[in-house]
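Read off the chains here:
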Amino acid sequence: MLLLCFKIFVSRIIDVTLSSVRTMFIVKCNKIVASLIAFVEIFIWFYAAKEALVTDIDSIFIVISYALGYATGTFVGTFINERFVSGIYSVNVSLNKINNKLINDLEGICYDVTNIKTESKNILNLTVDKKNYKNCIEYLYKIDNSAKVLVTESKLINFNKLKIRESDKYKK
């Protein structure tokens, strides 16, 4: 029974991890990789479900192994996403105080920095790589811990690589 529980546990870790990674590829519009991962994911899920359901052993440990594998797979999938899946964030910041040093330092961390001055506030629009995101937020907090920050995931478009038909360029 211990071997059965271990097989179910490991199978669920792999299948749920793949599910998390597949979801990231879907969000990033990578259909082919997402489809290949889905095939492997369901193959492993079917194996784990079959092992759990088609057994003579009646034990709560099989259910626990299945559920614990699912939870662990979610953790591992999230970890892989945080560490290895690239991404771009748009960070909008409302600051009370701003100076040229701040702008220059942020330009070293971010892809793009835009400063919009209003009568009472400064608004920064930042485009930052997912890997530099935490450094950017920590730096902003050190400068102004009352700053208001809005973060959204973005998609960087390279106009040189877009394939736009000449007839579609000026359609409204």
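Data block above holds the structure.
Residues numbered from 1 in each chain as written. Predicted model: local features only at pLDDT ≥ 70, side-chain atom pairs only at ≥ 80, totals over all residues. Heavy atoms only, no water.

Section: helix H3 (residues 60-84)
Phase 1: Taking 1.5 Å per residue, 25 residues should reach 36 Å; H3 reaches 36 Å between its end C-alpha atoms and fits that length.
Phase 2: Packed against the buried residues of H3 are helix H1 (2-27) and helix H2 (31-53). (Helix = DSSP H or I, 4+ residues; strand = E, 2+ residues; numbered from the N terminus. Expected span 1.5 Å × (residues − 1). Contact = heavy atoms within 4.5 Å.)

Focus: the pattern of salt bridges
Phase 1: The full count for this structure, using the stated rule, is five salt bridges.
Phase 2: The salt bridge partner of Arg12 is Asp15, with a shortest N-O separation of 2.4 Å. Note that Arg12 and Asp15 are positioned in helix H1 at a spacing of three residues, about one turn of the helix. Asp15 shares its class with Arg12; the two are buried.
Phase 3: Of the charged contacts in the structure, one is a salt bridge between Glu41 and Arg22, with a shortest N-O distance of 2.6 Å. Placement of the pair is Glu41 in helix H2 and Arg22 in helix H1, with a sequence separation of 19 residues.
Phase 4: Where salt bridges share partners, they join Lys7, Lys50 and Glu51 into one cluster. (Salt bridge = Lys/Arg side-chain N within 4 Å of Asp/Glu carboxyl O. Buried < 20%, exposed > 50% of the residue type's maximum accessible area, 1.4 Å probe, protein only.)

Some thoughts on the environment of Lys97
Phase 1: Tracing the backbone through its elements, the reader meets Lys97 in the loop between strand E1 (88-95) and helix H4 (100-109).
Phase 2: For Lys97 and Ile64, which are 33 residues apart along the polypeptide, the C-alpha to C-alpha distance reads 53 Å.
Phase 3: For Lys97, the contacting residues outside a window of four places in its chain are Leu102, Ile143 and Asp144.

Quick notes on the packing of H1 against H3
Phase 1: Close contact between H1 and H3 brings their axes to 7 Å; oriented N to C, the two are set at 35 degrees. When you trace H1 past H3, the crossing you get is right-handed.
Phase 2: Considering only residue class, the contact of H1 with H3 consists of 15 nonpolar, nine polar and one charged. (Axes fitted to C-alpha atoms, helices over the stretch in contact; angles between N-to-C directions. Left-handed = near helix turned anticlockwise from the far one by under 90°. Nonpolar A, V, L, I, M, F, W, Y, C, P; charged D, E, K, R; others polar.)

What about the state of the cysteines?
Phase 1: Within this structure, the stated rule accounts for zero disulfides.
Phase 2: Take Cys110: it sits in no disulfide, and the sulfur closest to it among the cysteines is that of Cys136, at 3.9 Å.
Phase 3: The exposure class assigned to Cys110 is buried, which follows from its relative accessible area of 8%. (Disulfide = S-S within 2.5 Å.)

Considering the layout of surface pockets
Phase 1: Estimated volume of the second largest pocket: approximately 180 Å³.
Phase 2: Looking at the lining of the second largest pocket, its residues break down into two nonpolar, no polar and five charged. (1 Å grid on protein atoms, 1.4 Å probe; cavity = no way out; pocket = protein on both sides within 12 Å on 5 of 7 lines; lining within 4 Å. Points joined across faces, edges and corners; volume = space filled by probe spheres on them.)

Remarks on the packing of aromatic side chains
Phase 1: Counting across every chain of the model gives two aromatic pairs.
Phase 2: Ring centres of Tyr89 and Tyr133 lie 4.8 Å apart, and the angle between their planes is 65 degrees; this geometry places the pair in the edge-to-face category. Here Tyr133 lies in helix H5 (residues 133-143) and Tyr89 lies in strand E1, a separation of 44 residues in the sequence.
Phase 3: Residue classification places Tyr89 among the buried residues on the basis of a relative accessible area of 17%.
Phase 4: Since its relative accessible area comes to 24%, Tyr133 is described here as partly exposed.
Phase 5: Between the NZ or CZ atom of Arg12 and the centre of the ring of Tyr66, over which it lies, the distance is 4.4 Å. (Phe/Tyr/Trp six-rings, centres within 6.5 Å; stacked < 30°, edge-to-face > 60°. Lys NZ or Arg CZ within 6 Å of the ring centre and 35° of its normal.)

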